[in-house]
Each structure stands twice: as structure tokens, then as C-alpha cells.
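Coordinates in review
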Amino acid sequence: GLAAGAATLVDRLLDIGIDGRGPFDSARAIADNALSDHGDVERAIDAIVTRHTKMAAAGGFVTGLGGFVALPVALPANVLEFYAIATRMVGAIASLRGYDVSDQGTRSAVMLTLIGADADDLLKKVGVGTTSRLADLAAQRLPGPAVMVLNKGIGFRLISSVGKSVLARFGKGVPVVGGVVGAGLDVYLVRRLAGHARREFPARPLGMRN
């Protein structure tokens with residue numbers, strides 16, 4: 001149950017956030033469009049962060065996704081929404097910096113970015129060891145079993161954060177205040193993740209890009 005739900009959560013976030021589904025563009029498409037509009041990688045990243053920060057505050061990203069919210073683990077839709085937005089934002093930043101988001105190593109690095117300080121501990125558990133940057137995983141060919149363990153571990157850690165998010169939003173029992181607090185929290189967390197992604201995915205030399 002819980003293990004299957006944790007792995008499924010990560011698979012769905014990759015499906016929506018990285019690959020895109022239905023009306024939601026993929027991380028690569030978001031990156032390409034931003035670069036076309038702004039003509040410079042860093043300005044494009046700034047625009048992507050601004051866009052996804054507004055989306056996190058406004059909500060509604062997962063509306064109409066159907067089966068996406070019907071996970072084996074009961075999670076509030078707003079939490080799924082936040083992580084879908086964060087996954088796509090980090091994936092788009094990685095793409096703009098020259099990483100192939102279709103590569104399994106890069107995809108794992110994107111998801112590990114979402115769990116912050118827990119990433120090193122999880123990498124040790126699968127025998128990869130710590131890296132100076134999560135983007136170093138892009139150069140590694142992780143075996144299937146290691147990817148499965150990583151995904152479950154990431155999913156568990158994302159699920160464990162749900163209680164804190166719900167308490168921050170609704171702990172006072174006042175719907176309007178809870179909504180304002182929740183939106184502010186999401187904005188703060190998205191901006192923090194954006195800064196983390198910028199550090200973890202430095203620009204790759206042109207000759208090393210996929």
C-alpha cells in the first residue's frame with residue numbers, strides 16, 4: 001500500500017511535471033518557449049520561476065487530471081498540485097541548463113531536488129553515495145533496482161511532508177486565513193526550490209549537452 005503509493009506518486013509527478021499530459025506542457029516545452037521569448041537562459045529561468053510561483057499561489061494546476069489524484073495514498077489535491085508544479089519548474093531549469101530531462105539520471109536528480117537535505121541520505125542507501133551536485137547523476141547509468149528504491153524513498157519523503165502542509169494551511173480552522181497562509185507557504189517553498197535547482201544544475205558546457 002504505502003510503498004506502492006510512494007512509487008506511484010513519483011511516477012505520476014514525472015508523468016505530469018516532466019513529460020506533460022493533456023493541456024499541460026512538458027518541462028522541455030516550457031524551457032524552449034521561455035528561451036524563445038527571452039533569448040537568454042538566465043532570463044528564461046527567471047520567467048519560468050515567476051510563472052510557476054504564480055501558479056503555486058493561484059492553484060488549479062491538477063484540476064481535471066482525473067486519475068492523477070486517485071492515488072493509492074490519500075493525499076490532498078493541493079499537495080499534489082504543488083509538487084507537480086515544482087517538478088515541472090525544476091525540470092525546465094535543468095533543461096535550460098543543458099540537461100536531458102528524458103534521461104533517467106536527470107529525472108532522478110530533478111526529483112531528489114524536491115526533498116532537499118534528505119537526498120544525500122537516500123543516495124547512500126541505494127549505494128550511489130553523495131555527489132557535489134545532484135546533476136552529477138545525469139552522467140550515471142543507474143540500474144533499475146536503484147531507480148525503484150530511489151523513487152520509493154523520494155515518495156515516502158514527499159508524503160511525510162503532507163501533514164506539515166495541511167497544518168500550515170488549515171490549522172487555524174479559518175478557511176480564508178488558511179488559504180492565504182497556504183498560498184504564502186507555497187510561494188516561499190517554490191522560490192526556495194528554484195534557488196536549490198539553480199545551484200544543483202549548473203550550466204553544462206555546450207560539448208556536454210544532450
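Residues numbered from 1 in each chain as written. Predicted model: local features only at pLDDT ≥ 70, side-chain atom pairs only at ≥ 80, totals over all residues. Heavy atoms only, no water.

Comments concerning helix H7 (residues 144-160)
An ideal rise of 1.5 Å per residue puts 24 Å on 17 residues; H7 measures up with 24 Å between its terminal C-alpha atoms. Looking at H7, one finds that the buried residues are Ala146, Val147, Leu150, Asn151, Gly153, Ile154, Gly155, Arg157, Leu158 and Ile159. (Helix = DSSP H or I, 4+ residues; strand = E, 2+ residues; numbered from the N terminus. Expected span 1.5 Å × (residues − 1). Buried < 20%, exposed > 50% of the residue type's maximum accessible area, 1.4 Å probe, protein only.)

A closer look at helix H3 (residues 41-58)
Over its 18 residues, H3 runs 26 Å from end to end, which matches the ideal 26 Å to within 8%, given 1.5 Å per residue. Among all positions in H3, only Ala44, Ile45, Ile48, Val49, His52, Thr53, Met55 and Ala56 are buried. Taking the backbone nitrogen of Glu42 as reference, a side-chain oxygen 3.1 Å away marks Asp40 as the first, capping residue of H3. (Polar contact = N/O pair within 3.5 Å; in protein donor to acceptor, adjacent residues only side chain to side chain.)

A word on the pattern of salt bridges
Pairing between side chains becomes possible if they bear opposite charge and their charged atoms approach one another. Summed over the entire model, instances satisfying the criterion amount to seven salt bridges. For Asp32, the salt bridge identified is with Arg28, shortest N-O distance 3.4 Å. You can see Asp32 and its partner Arg28 sitting in helix H2 (residues 27-38), four residues apart, about one turn around the helix. With a relative accessible area of 39%, Asp32 lands in the partly exposed category. Across the salt bridge formed by Asp46 and Arg198, the nearest N and O atoms sit 2.6 Å from each other. On the criterion of sequence distance, the pair formed by Asp46 in helix H3 and Arg198 in helix H9 (residues 175-200) is long-range, its members being 152 residues apart. On the basis of relative accessibility, which here comes to 39%, the residue Asp46 falls in the partly exposed class. (Salt bridge = Lys/Arg side-chain N within 4 Å of Asp/Glu carboxyl O.)

Focus: the nonpolar core
By size, the foremost hydrophobic cluster in this structure holds 56 residues, and its most contacted members are Met89, Met111, Leu112, Leu114, Ile154, Leu158 and Phe201. Elements represented by at least two residues in this core include exactly helix H1 (2-19), H2, H3, helix H4 (77-96), helix H5 (104-113), helix H6 (118-125), H7 and H9. Discounting chain neighbours no more than four positions away, the residues touching Met89 are Ile48, Val49, His52, Val190, Leu193 and Ala194. (Core = buried A, V, L, I, M, F, W, Y, C linked by side-chain atoms within 4.5 Å. Contact = heavy atoms within 4.5 Å.)

Remarks on the confidence of the model for the protein
Of all residues in the protein, 73% have pLDDT values of 70 or greater, and the mean over the chain is 79. Helix H8 (residues 162-170) is the least confidently modelled element of the protein, averaging 48 in pLDDT, while H2 averages 97, the highest of any element. (pLDDT = per-residue confidence, 0-100.)

Comments concerning the packing of aromatic side chains
What the rule picks out here adds up to two aromatic pairs. Measuring from centroid to centroid gives 5.2 Å for Phe82 and Tyr83, while their planes differ by 75°, and the two rings are edge-to-face. The exposure class of Tyr83 is buried, given its relative accessible area of 11%. (Phe/Tyr/Trp six-rings, centres within 6.5 Å; stacked < 30°, edge-to-face > 60°.)

Section: the side chain of His52
Positionally, His52 belongs in helix H3. A residue is classified by how much of its surface remains accessible, and His52, at 0% relative accessible area, is buried. Sequence-distant contacts of His52, that is, excluding residues within four places in its chain, are made with Ile30, Ile85, Arg88, Met89 and Val190.

As for the packing of H5 against H7
In a pair of packed helices, the angle between the axes and the distance between the axes together describe the arrangement. Where H5 contacts H7, the axes come no closer than 10 Å and their chain directions differ by 20°. With respect to each other, H5 and H7 are oriented roughly parallel. The way H5 lies across H7 gives a crossing that is left-handed. Where H5 abuts H7, its residues Gln104, Ser108, Met111 and Leu112 lie against Val147, Leu150, Ile154 and Leu158. (Axes fitted to C-alpha atoms, helices over the stretch in contact; angles between N-to-C directions. Parallel < 35°, antiparallel > 145°, perpendicular 65-115°, else oblique. Left-handed = near helix turned anticlockwise from the far one by under 90°.)

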